[in-house]
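What the coordinates show
Each chain is listed here by its residues.
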Amino acid sequence: MWCIVRVRVPRKMESSLMELMRESARIWNETRKFILSQVDLNELLDLVSKKKSKEAYTILNALKWDAQKVIKSDVLHSQSVQAIQDYLTASIKTYLKNKLKDDSHNLPREVKWYPLVWKNQAIKFVDGKMILPLAKGKGKIVIPLNKKHKKQLSKFLNEFNGVIRWVVITRKYGRYWMHVFVKAEDVKSDVDPERRLFIDLGEVHPFVGWNEADNEFVFFNGRYIRSLKQLRLKLIAQKQSLLSKKQKGSRRWRKVKRSFDEQIWKLERKITDLECKYVKSLLDYCLEHRIGTVVIGDLKGIRENNDKGEKVNQKIHNMWRFRRLIDRLKYKLSAYGIRVVEVSEEYSTQLCPVCGKSNKPNGRIYRCKCGFVFHRDFVGAIGIARNYYNFELMKGFKWLAPEKVNVKVFKVDIAKSVVKSIVVSVGRPRSWTGTPAVRRSSPARVRNPVL
Ligand SMILES: [Zn+2]
C-alpha cells in the first residue's frame, strides 16, 4: 500500500524553490522539444493503432535516453532530471493511447514551472528532517517536519516496514507542499471474509451499513460535510459573480481571485480531511468486528438521486468526489485484507425487507402495507444485502429483525474536527409482528457479486 505524508513548506524557502521549479520546467521544455523534433508522431500513432505500441514505446524510450545524454542540469540532482524526463515520456505515451480513442487529447504542453521530484536513493530522512540533494556542489534542500508529520512518517517506516520511494514538491493556490510517498507492506489482520457489512452509499449520509454478522447498523451522519460542500458552492458562485465585474487580469481581479481561491482551497481540504476520517472510522469498525467483506452499491443511484436543477459541472464534481471516496475506501480496506465488492443498487431502497413488496419511501421513513415501518436508509442497506445474495425478489431474502436494533452513529465533532461514535438503540421496527424467516445459508444462484 502507498502512504502519503503531506507537509507545508516553510514560507522562507518558497522563492528558492520557485527558482528550482523554473529549472525543472526548462528540463521539461527542452526534452519535449528534443523528442518532438526527432519523432514522427503520425508514424507512432500508426504503430499504436496496429497494436504495435511496444515498438512505438521503444522508439520513444531510445529518444529519451538520447535526451538524457544531452539535456542536463547543473542545479538539480541527476535523478530528479531523469524523473522529469520519465514523466514526460510517460505522458507522451498516454497521449498516443488516448488520441486513438478520443481526438480531443493534446500533447503535453510547455510549462512555466514544474514540480520537483526526488527518487528513492537520493532521499534521506534524518532527525525529523527531509534531506533532498541538488546537483554536486549545489548543496541540498532541508525541510523540517513538525511533530505530527514526524510521527506519521515514522509509523509508516517502522510499523508498516515502509520505504520512501518519492518526494515531490509542488505548488497549489500559491502555496508550496511536499508530498512524501511511502511504499509499505500490507497489514496482517484477523478478519473473516464470511463476516459481511452491506453499505448503502448516499448523498446525505455517505455510509449507512448493515453488519450482517452482528445484526447491527452503522450510520455515518453526513450533514456537516454536506454543509461544507454547500458553502463551497456558494463561494464559487460569489467568486464568479465578483470576478465578472472586474477587468480580467487586473490587480483588483487578481486580488479577489486569490482571496477566494484560498478560502475554497481551505474548505476543500477540510472536506477531504473529514472524508478520510470517515473512511478510517469505517476501517476501525471493520477491524473491531472482524468484517472481511464490505459490499457497496454501485454509483448509479447517486446520479439519479441528484437534484434535477443542478449544473452539469457540479454533477460531474459530485460524481468525481464520490468515486474518489470509494477508491479511497477500497484502497484503505484492501491494505488490511478486507475485500470490497460492488453490487447493483437496483430496487435496494424500494423493496420491503419483510414481505418483498415494492414501496416508494416517503421522506426518511419507509412504510409497507405488511406493517413494517423503519428508517429508509437502513432498508437501503438491507437491500444491498438482498441484491448481493440475489434471492428472488418476492420471496427470497428476509431480514431477521432483532429485539433491539443497535445503531452505531458516527458524527463529526465540529469543534475538534474529529469523528465520534455513539451506540443508540432504535427498538424493533414498528408494528411488525410477522414471524421472521431465516435466511438460507448459501444462495442458490449467485449471479450478482461483481468484483
Ligand atoms: Zn412489507
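Read on for an overview of the structure. Once a new chain begins, its residue numbering starts again from 1 and follows that chain's sequence as written. Only residues with pLDDT of at least 70 are given local features in this predicted model, and only at 80 or more are side-chain atom pairs given and counted; all residues enter the totals for whole chains, interfaces and linings.

**A short note on the overall build of the protein chain**
For the protein chain, the helix and strand inventory stands at ten helices and 16 strands. Here a residue counts as buried when 20 or more other C-beta atoms fall within 10 Å of its C-beta, as exposed when 12 or fewer do, and as partly exposed in between; the C-beta atoms come from the backbone. Counting every position in the protein chain, which comprises 451 residues, the buried fraction comes to 25%. Contacts are defined on C-beta atoms placed from the backbone: any two residues whose C-beta positions lie within 7 Å are in contact. Summarising the internal contacts of the protein chain: among those between residues at least 6 apart in sequence, 69% fall at separations of at least 24. Comment: elements are numbered from the N terminus, with helices defined as DSSP H or I runs of at least four residues and strands as E runs of at least two.

**Regarding the sheet that holds strand S1 (residues 2–8)**
Taken in spatial order, the four strands line up as S1-S7-S6-S2 in an open sheet, and their pairing is antiparallel. For this open sheet the edge positions go to S1 and strand S2 (116–119), each flanked by a neighbour on one side alone. Between one strand axis and the next, the sheet turns by 15° as a mean value, whatever way the strands run. Its contacts with the sheet put helix H1 (residues 14–38) on S2, strand S6 (163–172) and strand S7 (175–183), and the angle it makes with S2 is roughly 80°. At least two DSSP bridges between two strands are required for those strands to pair. Fitting a line to C-alpha atoms yields each axis, with helices limited to the stretch in contact; the angle taken between N-to-C directions then spans 0 to 180 degrees.

**Quick look at the sheet that holds strand S11 (residues 291–297)**
Taken together, the seven strands give an open sheet; going across it, the order is S12-S11-S8-S9-S10-S15-S16, and neighbouring strands pair in mixed fashion. Each having just a single partner strand, strand S12 (339–343) and strand S16 (418–425) make up the two edges of the open sheet. Across this sheet, the average inter-strand angle for adjacent strands is 25°, counted without regard to direction. In this structure, strand S10 (residues 216–220) lies alongside strand S15 (residues 406–413), joined through four bridges in parallel fashion. Counterpart to phenylalanine 219 in the pairing with S15 is valine 409.

**Re unusual backbone geometry**
Residues apart from glycine generally show negative phi values, whereas peptide bonds are mostly found in trans. Look at aspartate 127: it is not a glycine, yet its phi comes out positive at around 50°. On the neighbour-count criterion, aspartate 127 (9 C-beta atoms within 10 Å) is exposed. Positive phi is not limited to glycine here, since arginine 290 has a value of about 55°. Secondary-structure assignment places arginine 290 in the loop between helix H7 (251–288) and S11.

**Digging into helix H10 (residues 376–389)**
Over its 14 residues, H10 extends 20 Å from the first C-alpha to the last, a length consistent with the 20 Å expected when each residue adds 1.5 Å. Of all 14 residues making up H10, 13 are buried, and the element is well covered by its neighbours. One fewer than the residue count of a helix, multiplied by 1.5 Å, yields its expected span.

**Some points on the packing of helix H6 (residues 223–244) against H7**
Axis separation between H6 and H7 bottoms out at 10 Å; the angle between their running directions is 165°. Of the possible angle classes, the one that applies to H6 and H7 is roughly antiparallel. Regarding H6 and H7, the two cross each other, and that crossing is left-handed. Touching Ile225, Leu228, Lys229, Leu231, Arg232, Leu235, Ile236, Lys239, Leu242 and Leu243 of H6 are Trp253, Val256, Lys257, Phe260, Gln263, Ile264, Leu267, Glu268, Lys270, Ile271 and Leu274, all from H7. In this classification, Asp, Glu, Lys and Arg are treated as charged, Ala, Val, Leu, Ile, Met, Phe, Trp, Tyr, Cys and Pro as nonpolar, and every other residue, Gly included, as polar. Residues belonging to the contact of H6 with H7 are distributed by class as follows: 14 nonpolar, one polar and six charged. Should an angle lie under 35 degrees it is considered roughly parallel, over 145 roughly antiparallel, and from 65 to 115 roughly perpendicular; all remaining angles are considered oblique. A clockwise turn of the near helix away from the far one marks a right-handed crossing, whereas an anticlockwise turn of less than a right angle marks a left-handed crossing.

**Let's talk about the pairing of strand S9 (residues 207–211)**
Taken residue by residue, a regular strand's side chains alternate between the two faces of the sheet. Counting buried positions along S9 yields five of five residues, so the element is predominantly enclosed. Side-chain alternation along S9 places Phe207, Gly209 and Asn211 on one buried face and Val208 and Trp210 on a second face that is also buried. Here strand S8 (residues 192–201) runs beside S9; their pairing, made up of five bridges, is antiparallel. From the neighbouring strand, aspartate 200 faces S9, where its bridge partner is valine 208. Between the antiparallel neighbours S8 and S9 lie five residues. The pairing of S9 with S10 spans four bridges and is antiparallel. Bridging from a neighbouring strand, asparagine 211 pairs with glutamate 216 of S10.

**Re the nonpolar core**
Joined through C-beta atoms within 7 Å, a set of buried Ala, Val, Leu, Ile, Met, Phe, Trp, Tyr and Cys residues constitutes a nonpolar core. Phe198, Ile199, Val294 and Ala381 are the most contacted members of the largest nonpolar core, which has 43 residues in total. Those elements that provide at least two residues to this core are S8, S9, S10, H7, S11, helix H9 (312–334), H10 and S15. Among the elements that line this core, the one with the most residues is H10, at eight residues. Ranked by size, the runner-up nonpolar core spans 37 residues in total, among them Ile84, Leu88, Ile169 and Met178.

**A word on the environment of lysine 277**
By the element assignment, lysine 277 lies in helix H7. Judged by C-beta crowding, with 15 C-beta atoms within 10 Å, lysine 277 ranks as partly exposed. C-alpha separation for the pair lysine 277 and valine 418, spaced 141 residues apart in sequence, amounts to 7.3 Å. If sequence neighbours within four positions are ignored, lysine 277 has contacts with Val418 and Val419.

**Notes on the environment of lysine 93**
Among the secondary structure elements, lysine 93 is positioned in helix H4 (residues 78–101). The class of lysine 93 is partly exposed, set by 17 C-beta atoms lying within 10 Å. Along the primary structure lysine 93 and serine 53 are separated by 40 residues, whereas in three dimensions their C-alpha atoms are 9.0 Å apart. Discounting residues that sit within four places of it in the chain, lysine 93 has contacts with Tyr57 and Leu60.

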